[in-house]
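Here are the chains, one letter per residue:
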Amino acid sequence: MEKLKLIFAVLLTTLIVAACGGASGELTVKDAWARPASAGENGAAYFVIENGTAAGDTLLSVSSEIASATEVHMSMGDDNGVMSMQMQESIPVPAKDTVKFEPGGLHVMLIGLKQELKIGDEFELTLHFKNHADITLKVIVKEAMMGM
């Protein structure tokens, strides 16, 4: 009987440790895309940040070689339906949460494009976080999907 209790205790401890270990997760970025745009003009990039970790983080800035400048903006409408954009100094990325960069919301402005962005093109975008290491992603240029 003592042996059975010991085996049960070991199994229970193993399950608890495994459950806690899996809870930490990772901070990842997925579904990166941009709209087509002409050289010299401005473009926009979108993606999803998933923070599966137990700690919040902050997106401090974004950079890319294809634009003269990159800025994080939030699109918003007023009570009259007039849309505007406001530059964001940083973006909180809460623990166990998802932050979506999408048309009509958060997005990265690619200011003064150095090259044309044609459907099918790819370029790199680097996200700079307060705590997490930089994440460089490949962004594919495509038409906006319906509803976006």
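Residues numbered from 1 in each chain as written. Predicted model: local features only at pLDDT ≥ 70, side-chain atom pairs only at ≥ 80, totals over all residues. Heavy atoms only, no water.

### Observations regarding the packing of aromatic side chains
Taken as a whole and judged by the stated rule, the model has two aromatic pairs. With a centroid separation of 4.6 Å and an interplanar angle of 35 degrees, the aromatic rings of Trp33 and Tyr46 are classed as tilted. Placement of Trp33 in strand 1 (residues 27–34) and of Tyr46 in strand 2 (residues 43–51) is noted, with a sequence separation of 13 residues between them. With a relative accessible area of 4%, Trp33 lands in the buried category. A relative accessible area of 5% places Tyr46 in the buried class. Between the aromatic rings of Phe47 and Phe101, the centroid separation amounts to 4.3 Å while the plane-to-plane angle is 20 degrees, which identifies the pairing as stacked. Of this pair, Phe47 sits in strand 2 while Phe101 is found in strand 7 (residues 97–101), placing the two residues 54 residues apart along the sequence. Exposure remark for Phe47: the relative accessible area of 1% places this residue in the buried category. By relative accessible area, which is 2% here, Phe101 ends up buried. (Phe/Tyr/Trp six-rings, centres within 6.5 Å; stacked < 30°, edge-to-face > 60°. Helix = DSSP H or I, 4+ residues; strand = E, 2+ residues; numbered from the N terminus. Buried < 20%, exposed > 50% of the residue type's maximum accessible area, 1.4 Å probe, protein only.)

### Description of the pairing of strand 5 (residues 83–87)
Successive side chains on a regular strand alternate, one facing one side of the sheet and the next facing the other. The sheet contact formed by strand 4 (residues 67–77) and strand 5 spans five bridges and is antiparallel. Note on strand 5: the bridge partner recorded for Gly77 is Met83. Between strand 4 and strand 5, which pair antiparallel in sequence order, lie five residues; one of them, Gly81, sits at a positive phi of approximately 80 degrees. (Pairing = 2+ DSSP bridges.)

### Some points on the nonpolar core
Formed by 30 residues in total, the largest nonpolar core has its most connected members in Ile49, Phe101, Leu110, Leu125 and Leu127. Ignoring sequence-local partners within four residues, the contact set of Leu110 consists of Glu41, Asn42, Gly43, Ala44, Ala45, Ile66, Ala67, Ala69, Thr70, Leu117, Phe123 and Leu125. (Core = buried A, V, L, I, M, F, W, Y, C linked by side-chain atoms within 4.5 Å. Contact = heavy atoms within 4.5 Å.)

### Topic: the pattern of salt bridges
Summed over the entire model, instances satisfying the criterion amount to two salt bridges. Between Glu124 and Lys138 there is a salt bridge, and its shortest N-O distance comes to 3.6 Å. Taken together, the residues Glu124 in strand 9 (residues 122–129) and Lys138 in strand 10 (residues 135–141) connect sequence positions 14 residues apart. Given a relative accessible area of 45%, Glu124 falls into the partly exposed group. (Salt bridge = Lys/Arg side-chain N within 4 Å of Asp/Glu carboxyl O.)

So yeah, pure geometry; function would need other evidence.
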